[in-house]
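Take a look at the letters that make up each chain.
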Amino acid sequence: AYNFLTSKRVARVDGMLSEGDDLDWYESRIVRPDWAVEGLARFIDPSHTRKYFRNIAENETPIVVAKDSCDLKLPVCDSTAEAAPIKVLAPILEQSNQTSAGARC
């Protein structure tokens with residue numbers, strides 16, 4: 001028998017879905033590789049948070065995220081809402097610049 005079956009660790013990427021059965025993996029506003037790693041780490045250490053993935057060997061069901069669970073007003077849904085900038089790369093670029101400031105190739 002395969003180890004992943006006997007240890008009951010079979011990951012499927014439909015752990016979080018929209019009401020329309022769309023995968024949160026694709027539907028999230030921004031890419032979150034840290035959430036993907038956190039979700040996969042749960043298959044090694046169950047103390048990690050469930051993100052994106054579910055364990056079908058343990059009969060886990062998808063978490064359905066309903067549109068009414070969102071507490072943000074998004075421009076696509078509300079014409080009075082204004083888009084906010086996504087501040088993801090700035091801290092990473094600043095840290096990279098500080099680290100490499102002394103090293104020039």
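Since the model is a prediction, treat every value here as computed from it, not as a measurement.

Among all positions of helix H3 (residues 33-41), only Ala36, Gly39 and Ala41 are buried. Taken together, the buried residues of H3 touch helix H2 (24-27).

Averaged over all residues, the pLDDT of the chain equals 79, while 77% of them reach at least 70. Per-element averaging of pLDDT across the chain places helix H4 (residues 89-100) at the bottom with 58 and strand E3 (residues 54-55) at the top with 94.

Right, let's talk about the packing of aromatic side chains for a bit. A full pass over the atoms with the stated rule returns four aromatic pairs. Centroid distance Tyr2 to Phe4: 5.7 Å. Interplanar angle 25 degrees. Geometry classified as stacked. Judged by relative accessible area, which is 41%, Phe4 ranks as partly exposed. For the pair Trp35 and Tyr52, a centre-to-centre distance of 6.2 Å together with 50 degrees between the ring planes defines the contact as tilted. Here Trp35, found in helix H3, pairs with Tyr52, found in the loop between H3 and E3; they are 17 residues apart in sequence, far enough to count as distant. The exposure class of Trp35 is partly exposed, given its relative accessible area of 29%. Among the residues examined, Tyr52 registers a relative accessible area of 3% and is labelled buried. A network of ring pairs unites the aromatic residues Trp25, Trp35, Tyr52 and Phe53 as a single cluster. Directly above the aromatic system of Phe43 lies the positively charged group of Arg42, at a separation of 5.4 Å from the ring centroid.

Quick look at a nonpolar patch on the surface now. A surface patch of nonpolar side chains, about 340 Å² in accessible area, is lined by Tyr2, Phe4 and Leu5. With a relative accessible area of 46%, Leu5 lands in the partly exposed category.

Two side chains of opposite charge can pair, provided their charged atoms sit close to one another. Counted under the stated rule, the structure contains four salt bridges. A salt bridge links Arg42 to Glu60; the nearest nitrogen and oxygen atoms lie 2.9 Å apart. In this pair, Arg42 is assigned in the loop between H3 and E3 and Glu60 in the loop between E3 and strand E4 (63-65), connecting sequence segments 18 residues apart. With a relative accessible area of 15%, Arg42 lands in the buried category.

Calculation rules
- Residues numbered from 1 in each chain as written.
- Predicted model: local features only at pLDDT ≥ 70, side-chain atom pairs only at ≥ 80, totals over all residues.
- Heavy atoms only, no water.
- Buried < 20%, exposed > 50% of the residue type's maximum accessible area, 1.4 Å probe, protein only.
- Helix = DSSP H or I, 4+ residues; strand = E, 2+ residues; numbered from the N terminus.
- Contact = heavy atoms within 4.5 Å.
- pLDDT = per-residue confidence, 0-100.
- Phe/Tyr/Trp six-rings, centres within 6.5 Å; stacked < 30°, edge-to-face > 60°.
- Lys NZ or Arg CZ within 6 Å of the ring centre and 35° of its normal.
- Patch = residues over 30% accessible without salt bridge, like charges linked within 9 Å, V, L, I, M, F, W, Y side chains within 5 Å.
- Areas by Shrake-Rupley, 256 points an atom, 1.4 Å probe, with all protein chains shown as cover.
- Salt bridge = Lys/Arg side-chain N within 4 Å of Asp/Glu carboxyl O.

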